[in-house]
Amino acid sequence: QVQLVESGGGLVQAGGSLRLSCAASGGTFSNYAMGWFRQAPGKEREFVAAISRSRSTYYADSVKGRFTISRDNAKNTVYLQMNSLKPEDAAVYYCAARPIQVATMTTDYNYWGQGTQVAVSS
């Protein structure tokens, strides 16, 4: 059973940056593909970024060029560097893990963190 704990959320002005972290425990981190998703009030949870075990990366069109996902297997941690933040990026951001194969659908992920809030002021 994998446990995921996100951190790094907060309030930032539009155009600013935040780095989210997700610490994993309870499994062999390097065996898991990792993803970031977000959910704004009244909206469905949506894909943001994913990273495979071999560090291939995938992004939603809305964040491409602004967000960067990375992983540190020695620290069992995945990161999401968010630059040039926009008010529409405000949401609860969730980290997720699934064994072996990377994916971009929420339904493909087995393990989820509790989320971290990101607010962006205009």
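Data block above holds the structure.
Residues numbered from 1 in each chain as written. Predicted model: local features only at pLDDT ≥ 70, side-chain atom pairs only at ≥ 80, totals over all residues. Heavy atoms only, no water.

Re the nonpolar core
Residues Leu4, Met34, Trp36, Val78, Leu80, Met82 and Tyr93 are the most contacted members of the largest nonpolar core, which totals 38 residues. Looking at this core, the elements that each hand over two or more residues are strand 3 (18-25), strand 4 (32-39), strand 5 (46-51), strand 7 (67-72), strand 8 (77-82), strand 9 (91-99) and strand 11 (116-121). (Core = buried A, V, L, I, M, F, W, Y, C linked by side-chain atoms within 4.5 Å. Buried < 20%, exposed > 50% of the residue type's maximum accessible area, 1.4 Å probe, protein only. Helix = DSSP H or I, 4+ residues; strand = E, 2+ residues; numbered from the N terminus.)

Concerning the pattern of salt bridges
On inspection of all chains with the given rule, the structure shows four salt bridges. Between Asp89 and Arg38 there is a salt bridge, with the nearest N and O atoms lying 2.9 Å from each other. Of this pair, Asp89 sits in the loop between strand 8 and strand 9 while Arg38 is found in strand 4, placing the two residues 51 residues apart along the sequence. Just as Asp89 is buried, Arg38 falls in that class too. Taking the shortest distance from any N to any O, the salt bridge between Lys64 and Asp61 comes out at 3.1 Å. Where salt bridges share partners, they join Arg38, Glu46, Arg66 and Asp89 into one cluster. (Salt bridge = Lys/Arg side-chain N within 4 Å of Asp/Glu carboxyl O.)

Focus on the environment of Gly65
Note that Gly65 resides in the loop between strand 6 (57-59) and strand 7. A residue is classified by how much of its surface remains accessible, and Gly65, at 83% relative accessible area, is exposed. In this structure the C-alpha to C-alpha distance between Gly65 and Asn83, which are 18 residues apart in sequence, comes to 8.8 Å.

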